[in-house]
Amino acid sequence: YDKVLVDAECTHDGSIKHLAKFAQWGWDTFERRARRRRLRIRGPLPRRREEPPPLAVRRRFLDPERLASLPLLQGRLLRAGFRLLRPGGALVYCTCSFARAQNEDVVSAFLGDEPAARLVEVECLADAPATPGSLPLTLRFDPRRSRTSALFVAKLERVS
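Presented here is a report on the structure given in the accompanying data block. (Residues numbered from 1 in each chain as written. Predicted model: local features only at pLDDT ≥ 70, side-chain atom pairs only at ≥ 80, totals over all residues. Heavy atoms only, no water.)

Some details on the overall build of the chain
Looking only at helices and strands, one finds six helices and six strands in the chain. Its helices and strands taken in sequence order, the chain reads β-α-α-α-α-β-α-β-β-β-α-β from the N to the C terminus. For the chain, buried positions account for 40% of its 160 residues. Counted over contacts in the chain with a minimum sequence separation of 6, partners at least 24 positions apart contribute 67%. (Helix = DSSP H or I, 4+ residues; strand = E, 2+ residues; numbered from the N terminus. Buried < 20%, exposed > 50% of the residue type's maximum accessible area, 1.4 Å probe, protein only. Contact = heavy atoms within 4.5 Å.)

In structure tokens form, the structure reads like this:
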């Protein structure tokens, strides 16, 4: 492919509206939506007023084991997406997380393992209200400055 987007699964800690929505709808709704997305089920969810989710459900979402495994999953998603690129193709890796471990650290580890990858400037976002990430050529959107949810963006190119 010429272009690949890896919108990686993350903690969603930077998605203020996303978190507020599920706080209002209920965390079990979040779990059901995530499960439906993993299974690629289409169509609306049944609308019903639900009790607050049990503590076990909340713990599953914020489970330390799940959180620790996310960078591994993100690295696998990045590698899988990169394998699809033709030489000269571009891949955009993004998350809606503030966590450096899910952003710069994942991209940095990937670059260390993949000699055919290099970071390039995200030209189309040159005038966007973003700040540089801690890894050169990466961008971070901060809700206070960009008036969006948090977002991390890195663009990689296959050089050979």
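Here's the deal with the packing of helix H4 (residues 64-83) against helix H5 (residues 104-113)
Between two packed helices, both the angle of their axes relative to each other and the distance between the axes serve to describe the pair. Close contact between H4 and H5 brings their axes to 10 Å; oriented N to C, the two are set at 50°. Compared by their axis directions, H4 and H5 come out oblique. Handedness of the H4/H5 crossing: right-handed. Contacts between H4 and H5 involve Pro71, Gln74, Gly75, Leu78, Arg79 and Phe82 from the former and Val106, Val107 and Phe110 from the latter. (Axes fitted to C-alpha atoms, helices over the stretch in contact; angles between N-to-C directions. Parallel < 35°, antiparallel > 145°, perpendicular 65-115°, else oblique. Left-handed = near helix turned anticlockwise from the far one by under 90°.)

Considerations on the packing of aromatic side chains
Inspection of every chain in the model, using the stated rule, returns two aromatic pairs. Between Phe82 and Phe110, the ring centres sit 5.2 Å apart and the planes meet at 70°, which makes this aromatic pair edge-to-face. Taken together, the positions of Phe82 in helix H4 and Phe110 in helix H5 put the pair 28 residues apart, joining distant regions of the chain. Exposure class is identical for Phe82 and Phe110. Each is buried. Look at Tyr93 and Phe152: their rings are 6.4 Å apart centre to centre, the planes differ by 70°, and that puts the pair in the edge-to-face class. On the criterion of sequence distance, the pair formed by Tyr93 in strand E2 (residues 90-95) and Phe152 in strand E6 (residues 151-158) is long-range, its members being 59 residues apart. Phe152 carries the same exposure label as Tyr93, and that label is buried. (Phe/Tyr/Trp six-rings, centres within 6.5 Å; stacked < 30°, edge-to-face > 60°.)

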